[in-house]
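# Structure assessment
Chain by chain, the residues:
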Amino acid sequence: MTAPHPYADKLAPIPVLRRSVEVMGGETVYWEYGEEDAHTTLLLVHGFRGDHHGLEPVVANLPGFRIIAPDLPGFGETAPIPHRVHDLELYAQWLDGFAAAVAPGAPVLGHSFGSIVASAAVAGGLPTDRLVLVNPIGAPALEGPRGFLTRLAVLYYRAAARLPAPVGDALLRNRLIVRGMSVAMVKTRQPLLRRFVHDQHDRYFSRFADRDVLLQAFVASVSHDVREFAPRISQPTLLVAAQLDDITPIEAERALRGMFRDAELVEIAGVGHLIHYETPEPAAAAISRFLAPSADGTR
């Protein structure tokens, strides 16, 4: 049974179009929300194993924006880039090309793994005047108290890639394992919201192209973090962090802020790594304020 969408009433009035564009020899599918003549265009980069749907609760709380939300190569409706390893270099190059084709100069928002991709692209020269990172990966996943669990996850993805194709694919898409991942991340005690989060993961966490791309993207996600790129980012940056995040502790997010030349940290209480699902309203309020045109007309 489909769980009720708690943000449906806000999302419904926002116009949305499905579009596609060729980037790096592959077709990138993306969704355009809002009016074309909106005061601000914002480009979204979703996290690992998700697709554009995951950031729709944030979109629902940003009326008046034009928002561009692609599915990353190898996820959702976007096919992998032909003949390429899907490592961080690939994703950063893809984002640079996609932005140039669809939303040149627009502010960029990255969530989770998307925060690494966006930071790598901006540090590498992606033209933008603002950067927003939600649940930024601000600490090495392979170190610290959760390092052991991360290494187990690496073994899981590697084993699934080496097993006979039907067995490996079934393991990666196993609903019990997907639900276990969802339960491990959710923090809200609201039954309807928990049900919605689990339903979203059931629907979209297995919409990856194949197990090889999934493994490559996972290795990229745990082999890098935003700290690598922060010192090379001069653009004003907003970090929207969760005080209960198990992936990057809030103390690490506070340290990350100091690595940027110009960064603001907004902390959200009572939520973990699922700000986009559980607390999109305060996240969107911070984003809207950060991107609001200034008195001289700039952003």
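Residues numbered from 1 in each chain as written. Predicted model: local features only at pLDDT ≥ 70, side-chain atom pairs only at ≥ 80, totals over all residues. Heavy atoms only, no water.

### What about the overall build of the chain?
- Within the chain, the regular secondary structure consists of twelve helices and eight strands.
- Against the globule reference of 19 Å for 299 residues, the chain gives a C-alpha radius of gyration of 18 Å, in line with a compact fold.
- Reported as C-alpha extents along the three principal axes, the dimensions of the chain are approximately 60 × 45 × 40 Å.
- Here the chain, with 299 residues, has 56% of them falling under the buried criterion.
- Long-range contacts, defined as pairs at least 24 residues apart, comprise 74% of the intrachain contacts of the chain with a sequence gap of at least 6.
- Accessible surface computed for the chain: about 12600 Å², of which carbon and sulfur atoms make up 55%.
- Computed over 28 positive and 33 negative side-chain charges, the separation of the two mean positions in the chain equals 6 Å. (Helix = DSSP H or I, 4+ residues; strand = E, 2+ residues; numbered from the N terminus. Rg over C-alpha atoms; globule rule 2.2 N^0.38 Å. Buried < 20%, exposed > 50% of the residue type's maximum accessible area, 1.4 Å probe, protein only. Contact = heavy atoms within 4.5 Å. Areas by Shrake-Rupley, 256 points an atom, 1.4 Å probe, with all protein chains shown as cover. Lys, Arg positive; Asp, Glu negative; His and termini not counted. Charge placed at Lys NZ, Arg CZ, Asp CG, Glu CD.)

### Focus: the environment of G97
- Tracing the backbone through its elements, the reader meets G97 in helix α3 (residues 88-102).
- Using a relative accessible area of 26% as the deciding quantity, one classes G97 as partly exposed.
- With 24 residues separating them in the primary sequence, G97 and A121 have C-alpha atoms 10.0 Å apart.

### Section: the pairing of strand β1 (residues 16-23)
- As defined by bridge partners, β1 adjoins strand β2 (residues 26-33) across eight bridges and the pair is classed as antiparallel. Counterpart to V16 in the pairing with β2 is Y33.
- Counted between consecutive antiparallel strands, the loop separating β1 from β2 contains two residues, among which M24 sits at a positive phi close to 55°. (Pairing = 2+ DSSP bridges.)

### Overview of the pattern of salt bridges
- Scanning the model with the defined rule gives 13 salt bridges in all.
- Across the salt bridge formed by E77 and R18, the nearest N and O atoms sit 2.7 Å from each other. Linking E77 in the loop between β4 (65-70) and α3 with R18 in strand β1, this pair joins segments that are 59 residues apart in sequence.
- A salt bridge links D199 to R203, with the shortest nitrogen-to-oxygen separation between them at 2.9 Å. Highlighted residues: D199 and R203, both in helix α8 (residues 191-204), separated by four residues, approximately one helical turn.
- Overall, the relative accessible area of 37% leaves R203 in the partly exposed class. (Salt bridge = Lys/Arg side-chain N within 4 Å of Asp/Glu carboxyl O.)

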